[in-house]
Amino acid sequence: MSATTTAPRPLPQPRHASRIPSHLTPEQVDRIRLAAYLLPQVVQPIDYQMEQSAEADAHLDGLGLILLQKAVPGQRPSRWIDPALMTEALQHLNVVGSGQSVRALMLERATTLDAQGVARRGDEWQREARQGVQLHAQGWRLTVTHHQPVPAQAVWDFFRTGDKPALIKALSTLPDYPHAEALGAHLERLVNRSAELNLWQIGSLLPALQSECATAQPLDSLMAACTRAQDRWEHRVNEQDTMEGLSSELAFQGYPDSFPQARRLQRKVTLFVGPPNSGKTYQAFERLAKAKAGAYLAPLRLLALEGRDRLAARGVPCSLRTGEESVPADGARVVSSTIEMVDTNKPIEVAVIDEAQMIFDHSRGWAWTQAIVAVPAEELLIICSDYAVEALRNLLGLCGEECTVQRFERKQHVELLPAPVSLSSLKKGDAVVAFSRRDVLMLRDQAAANGQVVSVIYGALPPEVRRREAERFATGESHVLVATDAIGMGLNLPVRRVLFSTMTKFDGQGDRPLTESEVHQIAGRAGRFGIHEEGFCGVLKEAEPTALRTLKALLPKVPKAPRDFKAPVAPNWWHIDTIASRLGKNRLRDVLGIFVEQLQLDNAHFAVAELDQMLDLAAQLDQVAGNLPLRQRFVYAQAPVDTRTDAQVKQFLEWAGHHAKSGQAGAAWFLNDVDEHSRLERMEQTLRTCTLWLWLDLRFPGIYGQVDEVVDLRARLNDGIERQLKAKKPLWQARGGRRG
């Protein structure tokens, strides 16, 4: 009987067959397709700095590449190859093969390339190199970062042979920075000009120039950026005592210099760097407790509450300031607030900024940029993860400041569980992590049906309820915690095992795999020194089949900052007033649009934050409340409106419209609409409305009012939600809900 063979499969895009080199057989093409996930010659949209999308695929198609594998949403990206590299790919397979061990081998060699600074950028390989530039002026030596083109053949040879000495030899022959002489001459002129202006403050120019040189960019762009840095430095020196900034162009002055109080202080900055449960927050609070005047800037209202109580327990009077409340304490030396509420005008002795790696967050990162640049503290302590250090150091350099780094080691390590854990075998101290309200409630119901006493934490819960649920788990009243990734930020809980219910997360547009930083932040909550001597992480048996393999692959990886990161910036009133007064504009939407365009002039370091919601609200506020002063409309545009809920947006605009017409917001209709016996989702929605009303009342005294009634309703709804969470009655099956 003759042996049967499998016929080669057609390409996913049949018209790409014409792009295949004529000397290749169908069997050879099929061999490349089957090994596409192993081949270094194969590219994905992310290699061109594009997210997986139809537009990305169209771009790669337009480059003449051949589609080898279509994308599978939430599982894998599309994979492509340059026809000119198909012969190279076959040679690679002839030597390396495609067995089970090859994937790990390719990952190991890719890691070696990464350690040498070699990375793919589109259809090229580049090495991020650094070279010193010596300046005679002031005896300074700056390090310039630049991209060296790496011959692709050297990369293919290394992937095929693993010969590291040969790779290093090939890299050593790459040319030095070709523009060192021209850049050095330009920097010499800038430094000499600055020394003539003010030799006493010349030292603060060095970190600003170094920050510019630390970003790889074309020579003309780099020289222009250094000139702007010197211009900003010169302006800061000339105008430091009287700087209001209204006489200079917005982009010329630069974002850091719009905060004169912080720039006057010559702040001492220390980064407290370490993984979760390493003691860095404890040490920061030790220093804050001794300050005569200080501030703790928290990522969440829940953590601001904890910070206030933590200091009060030590006998340190501490006020509370969040978006919806201001609670002064008698004789307060410290204020504990959410990061957005930072005071940029009142000088203090010590400020602590928590979870500073959140600067990479698309929607809220601007608040960390603002706080780091603007808080007027003599001593600034910044708590962050290791992968944020370089981005923060660079940002501080733009302020003319240097920082020291103090590293903290975790008291115990987190180990990977070898096998999945079923819901029916959960133990005391387990935390199950999901990524939507729906999944949290479903898992809570299933665990409770198995006899477990469960605490629940997810984003839609008010901070007071999240805190009570955390306390129930911490005190042993409940044995199991089911939570979203909210537990990854600051909450110190006696968790022994962190169990992922899935390794994907809905990000507002679609399901995506968890990132290394998300996995490390969440898994790091396992094990608490003094309670559990060791911590474990794993996956539920009910998770997707690939979950354990994915977790095992992500845990050893070191989280990295986003490539080509730029610090996000949101407008403050100074920006709005400067633009409006100079250009004679009164429509908030127009002013915000100009802000977006102006900051593009300094796009080597700063990027406009995600402002879509603010822009949409501004346009509507111009229509319904256009006769309010521009400053008041700007305040309204920053309100925490749940734009996913049409009813809340409509009511918000009605309140603003009433304010504009009559000077009063109108009735708080929600006070009689829901009570503590309503459905869980209704109570959560109304609590968001309570938060919005209190936020607005804090900023428009006398316009909203009824604060006592709203606070009373909030307390009753908190009790009602907690009562439902503690009950054994199923929550998800009985009451449907939506994602999030």
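Predicted model, so just to flag it, every value in this text is computed and none were measured. (Residues numbered from 1 in each chain as written. Predicted model: local features only at pLDDT ≥ 70, side-chain atom pairs only at ≥ 80, totals over all residues. Heavy atoms only, no water.)

1. Looking at the pairing of strand β6 (residues 268–273)
In step 1: Most of β6 sits inside the fold, with five of its six residues counted as buried.
In step 2: As judged from the six bridges shared by β6 and strand β12 (residues 377–384), these two strands associate in the parallel manner. Counterpart to lysine 268 in the pairing with β12 is glutamate 379.
In step 3: Inspection of the sheet shows β6 paired to strand β13 (residues 403–407) by five bridges, in the parallel sense. Residue pairing across strands places valine 273 opposite arginine 407, the latter belonging to β13. (Buried < 20%, exposed > 50% of the residue type's maximum accessible area, 1.4 Å probe, protein only. Helix = DSSP H or I, 4+ residues; strand = E, 2+ residues; numbered from the N terminus. Pairing = 2+ DSSP bridges.)

2. Overview of the packing of helix α17 (residues 463–475) against helix α26 (residues 707–726)
In step 1: Look at α17 against α26: their axes get within 9 Å of each other, and the N-to-C directions meet at 40°. Between α17 and α26 lies a crossing whose hand is right-handed. On the side of α17, the interface is formed by Glu464, Val465, Arg468, Glu469 and Arg472, while α26 contributes Arg714, Asn718, Asp719, Ile721, Glu722, Leu725 and Lys726. (Axes fitted to C-alpha atoms, helices over the stretch in contact; angles between N-to-C directions. Left-handed = near helix turned anticlockwise from the far one by under 90°. Contact = heavy atoms within 4.5 Å.)

3. Thoughts on the confidence of the model for the protein chain
In step 1: Counting all residues, the mean pLDDT for the protein chain is 88, and 93% of those residues have values of 70 or more.
In step 2: Scored below 50 in pLDDT, residues 734–740 makes 19 contacts in the model with residues more than four places away or belonging to other chains. (pLDDT = per-residue confidence, 0-100.)

4. Describing the packing of aromatic side chains
In step 1: Counted by the stated rule, this structure contains 17 aromatic pairs.
In step 2: Measuring from centroid to centroid gives 4.7 Å for phenylalanine 285 and tyrosine 296, while their planes differ by 55°, and the two rings are tilted. Taken together, the residues span a long stretch of sequence, with phenylalanine 285 in helix α12 (residues 280–289) and tyrosine 296 in strand β7 (residues 294–298) at a distance of eleven residues. Take phenylalanine 285 and tyrosine 296: they sit in the same class, and that class is buried.
In step 3: Three or more aromatic residues joined by ring pairs form one cluster here, namely Trp655, Trp669, Phe670, Trp693 and Tyr704.
In step 4: Over the face of the ring belonging to phenylalanine 285 we find arginine 310, whose NZ or CZ atom lies 4.5 Å from the ring centre.
In step 5: One residue, arginine 699, lies across the ring of tryptophan 695, its end atom 3.7 Å from the ring centre. (Phe/Tyr/Trp six-rings, centres within 6.5 Å; stacked < 30°, edge-to-face > 60°. Lys NZ or Arg CZ within 6 Å of the ring centre and 35° of its normal.)

5. Here's the deal with the environment of histidine 146
In step 1: Structurally, histidine 146 can be placed in strand β5 (residues 141–150).
In step 2: Separated by 518 residues in sequence, histidine 146 and glutamine 664 place their C-alpha atoms 58 Å apart.
In step 3: Excluding residues that lie within four positions of it along the chain, histidine 146 makes contacts with Arg127, Glu128, Ala129, Gln131, Asp176, Tyr177 and Ala216.

6. What about the environment of serine 258?
In step 1: Checked against the element boundaries, serine 258 lands in the loop between α10 (250–253) and α11 (260–264).
In step 2: For the pair formed by serine 258 and leucine 38, sequence separation is 220 residues and the distance between their alpha carbons is 50 Å.
In step 3: Excluding anything up to four places from it in sequence, serine 258 contacts Trp574 and His575.

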